[in-house]
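One letter stands for each residue in the lines below.
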Amino acid sequence: MAGIIGYGAYMPRNRIKVEEIAKIWGADAPSYKKGLMLQEKSVPSPDQDTITMSVEATKYALKRAGIDPTRIGAVYVGSESHPYAVKPSGTVLAEAVGATPEAHCADFEFACKAGSAAMFVCMGLVDGGKIEYGLAVGADTSQGAPGDALEYSAAAGAASFIIGKDDGVAKVIDTYSFMTDTPDFWRRSYMHYPRHAGRFTGEPAYFKHVLGCANGMMEKVGMKPKDFAYAVFHQPNGKFPMRVGKMLGFTKEQIEPGWLSPTLGNTYSGSSPMGLTATFDVANPGDMILMVSYGSGSGSDGFVYEMTDKIDAVRDLAPKTREKLDSDKVYIDYGTYAKYRRKIRMGE
Amino acid sequence: MSTSARYWREIPQRYRLEAAKCTSCGKQFFPPRLVCNGCGGREFEATKLSDKGKLATYTVIRIAPSDLTQQAPYAIGIAEFDGGLRVTAQVADVDFDELKVGMPVRIEFRRIREEGEAGILCYGYKFVPVR
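Because the structure is predicted, anything quoted here is derived from the model rather than measured.

What counts as what
Residues numbered from 1 in each chain as written. Chains lettered and ligands numbered in written order. Predicted model: local features only at pLDDT ≥ 70, side-chain atom pairs only at ≥ 80, totals over all residues. Heavy atoms only, no water. Helix = DSSP H or I, 4+ residues; strand = E, 2+ residues; numbered from the N terminus. Buried < 20%, exposed > 50% of the residue type's maximum accessible area, 1.4 Å probe, protein only. Lys, Arg positive; Asp, Glu negative; His and termini not counted. Charge placed at Lys NZ, Arg CZ, Asp CG, Glu CD. Contact = heavy atoms within 4.5 Å. Axes fitted to C-alpha atoms, helices over the stretch in contact; angles between N-to-C directions. Parallel < 35°, antiparallel > 145°, perpendicular 65-115°, else oblique. Left-handed = near helix turned anticlockwise from the far one by under 90°. Nonpolar A, V, L, I, M, F, W, Y, C, P; charged D, E, K, R; others polar. Pairing = 2+ DSSP bridges. Domains from an automatic or database assignment. Buried area = accessible area lost by both parts, 1.4 Å probe. Salt bridge = Lys/Arg side-chain N within 4 Å of Asp/Glu carboxyl O.

(A) Spatial organisation of the overall build of chain B. Counting its regular elements, chain B contains 2 helices and 8 strands. Going from the N terminus to the C terminus, chain B shows its helices and strands as α-α-β-β-β-β-β-β-β-β. Each principal axis of the C-alpha distribution contributes one length, and for chain B these read about 45 × 40 × 20 Å. Counting all 131 residues of chain B, 40% fall into the buried class. Distance from the positive charge centre (20 side chains) to the negative charge centre (16 side chains) of chain B: 4 Å.

Okay, structure coming up:
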């Protein structure tokens, strides 16, 4: 089976607190903080987007992988906020990290599951012998409509993985996917903000697919929650991943290292992949990790990883995700946020 | 001349910091040039600019060109890299009172400008402080 050879995560420095957003819309910040288990979220600067964050996360992944980027045979960026409607993000990423011209490239979209979809496809291509290394990225700078519940969580970040035939830092033991047609969240063409179906995004959407995928994944490999050192679930807010983990029988301690959303927000395609990078940062050789993504529309990809001895040699070669999240940040007010996210109508 | 074509020609430098070293006298150039202004040599080997340097000088732009007005005020700096190469770029993610000659900076990939609402997006390098 394929393995993760290198990994890296990147998030912008700007943060906005739940109180700052709630103040503008007359909402009750404590109830949002308690209900969604969110404190603050990352905000991209005007010069940061899915492409720039993908490049920075991939530079870190390459530092840990230590491979010649020209050996990368596939470059896949999963995002629902690709900067262009028509023109790939992956070509810019591939040029920036030196992976051109002999590589297959395509952009992926599946709401918050596009990053794990890119990982899944790279693993298949490696296992099938079509490529030596694949580069899979999950990145987003998603927007929530002003005043909508999503505005408290829609954040920015990226995670990048170099996937290859050797075991690397984590062996991919197996994968599993679970999906149905479920219209819980969408954005129509030419629309700036997404729409969602309120509470319908919970039980029939997130919980059905994450539970279905996690249970199917564990059954496929013959493992139970107690067999895993850690579990990472998609994090649309702080509450859902903890709740679904407990429903499956995982403890808070198993979930916490990759549980970034309370202070990062929902980085959409980057969400569970970034949680995985934070978990790799603390995992020990031999640890088993369950990862389950979720993308509205709807589907989940499941992965079982086993950490190898190599993790100890490479984890310090690039910034650790949790340390970067906690240390390098600056708080902005709603006016600055509105300017950065282009929510202000400008003169012609 | 189309901006797309000019932007495309500069991709090796703007995206990957590709530099050139004169094989006769060892002088480095970023961006590369056809003739070495040190010895007149015309043979170069490809090198890459280090992604870490030190700020040699800076200024703050408050009256910006038309396509950068929404970013103003912003800092521009000249940083010195390995081998004495000096490069000019915007200094991002910086509080202006943090700016100091000699401060360590590293290169980050950022969106530099965009050609209006419908044109291409131009990417490249900016400096950010090493914290």
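(B) How the structure looks around the environment of phenylalanine 207 of chain A. Residue and element names in this part refer to chain A. Position of phenylalanine 207 among the secondary structure elements: in helix α6 (residues 202–221). Put simply, phenylalanine 207 and aspartate 309 are 102 residues apart on the chain and 34 Å apart in space, counted from C-alpha to C-alpha. Not counting chain neighbours up to four residues away, the residues in contact with phenylalanine 207 comprise Gly202, Gly212, Phe240, Arg243, Val244 and Met247.

(C) Highlighting the packing of helix α3 (residues 50–65) of chain A against helix α4 (residues 89–97) of chain A. All names here are of chain A. Packing of α3 against α4 brings their axes to within 9 Å, and their N-to-C directions diverge by 40°. On the basis of their axis angle, the class for α3 and α4 is oblique. Where α3 crosses over α4, the handedness of that crossing is right-handed. Contact residues: Ile51, Ser54, Val55, Thr58 and Leu62 in α3; Ser89, Val92, Leu93, Ala96 and Val97 in α4. Partitioned by chemical class, the residues of the contact of α3 with α4 number 7 nonpolar, 3 polar and no charged.

(D) Highlighting the pairing of strand β12 (residues 288–292) of chain A. Residue and element names in this part refer to chain A. Within β12, 5 of the 5 residues are buried, which leaves it mostly tucked inside the rest of the structure. Of the two faces of β12, both are covered, the one formed by Met288, Leu290 and Val292 as well as the one formed by Ile289 and Met291. Relative to β12, strand β11 (residues 230–233) runs parallel, the two sharing 4 bridges. Residue alanine 231 lies in a different strand from β12, and its bridge partner there is leucine 290. Note: β12 against strand β13 (residues 297–307), 5 bridges, orientation antiparallel.

(E) Up close: the domain arrangement of chain B. Residue and element names in this part refer to chain B. Splitting chain B by domain gives domain 1 (1–48) and domain 2 (51–131). Using only C-alpha atoms to locate each centre, domain 1 and domain 2 end up separated by 21 Å. Tallying the contact residues gives 11 residues for domain 1 and 14 residues for domain 2. In total, about 1000 Å² of surface goes out of reach between domain 1 and domain 2, with carbon and sulfur atoms giving 68% of it. Considering only the surface of domain 1 that becomes buried against domain 2, Tyr7, Arg14 and Phe30 emerge as the three largest contributors, covering 45% of it. Our count for the domain 1 to domain 2 interface comes out at 0 salt bridges.

(F) Structural detail: the sheet that holds strand β8 (residues 170–182) of chain A. Residues and elements named next belong to chain A. Spatially, β5-β4-β6-β7-β1-β8-β13-β12-β11 is the arrangement adopted by the 9 strands of the open sheet, whose pairing is mixed. Only two strands of the sheet have a single partner each, and these edge strands are β5 (104–108) and β11. Averaged over all neighbouring strand pairs, the angle between strand axes comes to 20°, with direction disregarded. Note that strand β1 (residues 3–10) and β8 share 2 bridges and pair antiparallel. Each residue of the ladder has a partner; that of isoleucine 4, found in β8, is alanine 170. Sitting on the sheet, helix α10 (residues 271–282) is in contact with β1, β7 (156–164), β8, β11, β12 and β13, with an inclination near 65° to β7.

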